[in-house]
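Read off the chains here:
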Amino acid sequence: MTRIISPSMLSADFGNLERDTKMIDRSAAEWVHIDVMDGVFVPNISFGFPVMKPIRKATNKVLDVHLMIVEPEKYVRRFVEAGADYVTFHYEATDDIEGCINAIREAGAKVGISIKPATNATALTDILSKVDLVLVMSVEPGFGGQSFIDGSLDKIRDLAKMRREQGLDFIIEVDGGISAKNAAEVFNAGAEALVAGSAVFGAADPEAEIINMLKA
Ligand code: DX5
Ligand code: ZN
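Residues numbered from 1 in each chain as written. Chains lettered and ligands numbered in written order. Predicted model: local features only at pLDDT ≥ 70, side-chain atom pairs only at ≥ 80, totals over all residues. Heavy atoms only, no water.

(A) How the structure looks around the site of ligand 1. Neighbouring residues of ligand 1: 20 residues in total, closest Asp35, Gly142, Asp175, Gly197 and Ser198. Gly177 is positioned with one of its backbone polar atoms (N or O) 2.8 Å from an oxygen atom of ligand 1. Those elements that place two or more of their residues in the shell around ligand 1 are strand E2 (31-37), strand E3 (62-68) and strand E8 (193-196). The element that contributes the greatest number of residues to the shell around ligand 1 is E2, accounting for 3 residues. (Near = heavy atom within 4 Å. Polar contact = N/O pair within 3.5 Å; in protein donor to acceptor, adjacent residues only side chain to side chain. Helix = DSSP H or I, 4+ residues; strand = E, 2+ residues; numbered from the N terminus.)

Here's what the structure looks like:
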């Protein structure tokens, strides 16, 4: 079973972005999660292209970009140019899902689609065959440091079942409220990639915390 940790740079020290990115680069985490918020899709604003630059420069790891923005199709190409390996947009954020998927593919990145806690997995039935990754939000998007919503485990199981039934191999990633305490449960429900912000950057030893999550 594949197990990937994707530390969320939202919880990094932005005054020491290079140092924190290099720490992740040395760690057992294979991905780096980048949360982009526009103040419209979510009630918070994080950062955009200029902040991705120093992150991309400081690591060769997979850049896992999570767009919490409306009309993502307008910007996906620029995120790929800024170094994104995966670009994930929200099902709820666009009227043009097909166009957004195509724009990401044409720009040369892998495609992810994300659903908020209130959106059922079945909303994605006809989309699953077109994406490389499904990101299950296990908190309301917008802020780090929230508690994991337990109902997310059933949604992960539903998606894993749909994946089996449709004979697909997209990655299931889960984001929000994850730590070494619940990592095993989330992996066992069928997820391969776990995002962790406060658990990693708030730990006394972030590199050890990443290993704890992988071995949970
Ligand atoms: C929330 C973001 C998350 C956030 C997770 O909207 O998408 O990636 O950084 O933070 P933690 O791990 O602290 O819940
Ligand atoms: Zn995220």
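(B) Spatial organisation of the sheet that holds E2. Pairing in this open sheet of 8 strands is parallel, and the strands run E1-E8-E7-E6-E5-E4-E3-E2 from one edge to the other. At either margin of the open sheet sits one strand with a lone partner, and together these are strand E1 (4-7) and E2. When the angles between neighbouring strand axes are averaged without regard to direction, this sheet yields 25°. Here E3 runs beside strand E4 (residues 86-90); their pairing, made up of 3 bridges, is parallel. Across the sheet, the residue bridging to Val65 is Val87, located in E4. Together, strand E5 (110-115), strand E6 (133-137) and strand E7 (171-175) form the strand contacts of helix H5 (residues 152-166), whose direction differs from that of E7 by roughly 170°. (Pairing = 2+ DSSP bridges. Axes fitted to C-alpha atoms, helices over the stretch in contact; angles between N-to-C directions. Contact = heavy atoms within 4.5 Å.)

(C) Just the pairing of E2, in detail. By the criterion of burial, E2 is predominantly enclosed, with 7 of the 7 residues buried. Note on the crossover from E2 through helix H2 (residues 49-58) to E3: the handedness is right-handed. (Buried < 20%, exposed > 50% of the residue type's maximum accessible area, 1.4 Å probe, protein only. Right-handed = clockwise from strand over helix to strand, strands pointing away.)

(D) Broad picture of the packing of helix H1 (residues 17-26) against H2. Interaxial distance between H1 and H2 falls to 9 Å at its minimum, and their mutual angle equals 40°. With respect to H2, the axis of H1 lies oblique. For the crossing formed where H1 meets H2, the hand is right-handed. Contact residues: H1 offers Leu17, Glu18, Thr21, Lys22 and Asp25, while H2 offers Val51, Pro54, Ile55 and Ala58. When grouped by side-chain class, the residues that make up the contact of H1 with H2 number 5 nonpolar, 1 polar and 3 charged. (Parallel < 35°, antiparallel > 145°, perpendicular 65-115°, else oblique. Left-handed = near helix turned anticlockwise from the far one by under 90°. Nonpolar A, V, L, I, M, F, W, Y, C, P; charged D, E, K, R; others polar.)

(E) Inspection of the coordination of the zinc ion (ligand 2) at higher detail. For the zinc ion (ligand 2), the protein coordination sphere consists of His33 (NE2), Asp35 (OD), His66 (ND1) and Asp175 (OD), at 2.0 to 2.3 Å. Here the zinc ion (ligand 2) is ringed by 6 donor atoms whose angles at the metal span 70 to 169°, and the overall shape comes out octahedral. Sequence positions of the residues that donate to the zinc ion (ligand 2) give the spacing H-x1-D-x30-H-x108-D. Linking His33 in strand E2 with His66 in strand E3, this pair joins segments that are 33 residues apart in sequence. In this structure, His33 and His66 share a single accessibility class: buried. (Donors = N, O, S within 2.8 Å, 3.2 Å for Na, K, Ca; no water. Tetrahedral: all angles 85-135°; square planar, octahedral: opposite > 155°, others 65-115°.)

(F) Spotlight on helix H4 (residues 97-107). Within H4, the full set of buried residues consists of Ile97, Cys100, Ile101, Ala103, Ile104 and Ala107. In an axial view of H4, the angular spread of the buried residues amounts to 160°, which keeps them on one side of the axis. The inward-facing, buried residues of H4 abut helix H3 (76-81), E4 and E5. Immediately downstream of H4, the backbone of Gly108 shows phi near 100°, a positive value. (Arc of directions from axis to C-beta.)

(G) Seen up close, the side chain of Ser114. Secondary-structure assignment places Ser114 in strand E5. With relative accessibility at 0%, the residue Ser114 sits in the buried group. Polar contacts involving the side chain of Ser114 include one to the side chain of His90, which spans 3.4 Å. Among all residues touching Ser114, those that are not within four sequence positions of it are His66, Thr88, Phe89, His90, Tyr91, Glu92, Leu135 and Met137.

(H) Structural detail: the packing of aromatic side chains. A full pass over the atoms with the stated rule returns 3 aromatic pairs. With 5.5 Å between their ring centres and 70° between their planes, Phe14 and Phe47 make a pair best called edge-to-face. Here Phe14 is found in the loop between E1 and H1, whereas its partner Phe47 is found in the loop between E2 and H2, with 33 residues between them in sequence. You can call Phe47 buried: its relative accessible area is 8%. Ring geometry for Phe49 against Phe79: centres 4.4 Å apart, planes inclined by 40°, an arrangement best described as tilted. One end of the pair, Phe49, is in helix H2; the other, Phe79, is in helix H3, with 30 residues separating them in the sequence. Taking relative accessible area as the criterion, Phe79 reaches 3% and is therefore assigned buried. Over the aromatic face of Phe170 sits the side chain of Arg163, whose NZ or CZ is 5.5 Å from the ring centroid. (Phe/Tyr/Trp six-rings, centres within 6.5 Å; stacked < 30°, edge-to-face > 60°. Lys NZ or Arg CZ within 6 Å of the ring centre and 35° of its normal.)

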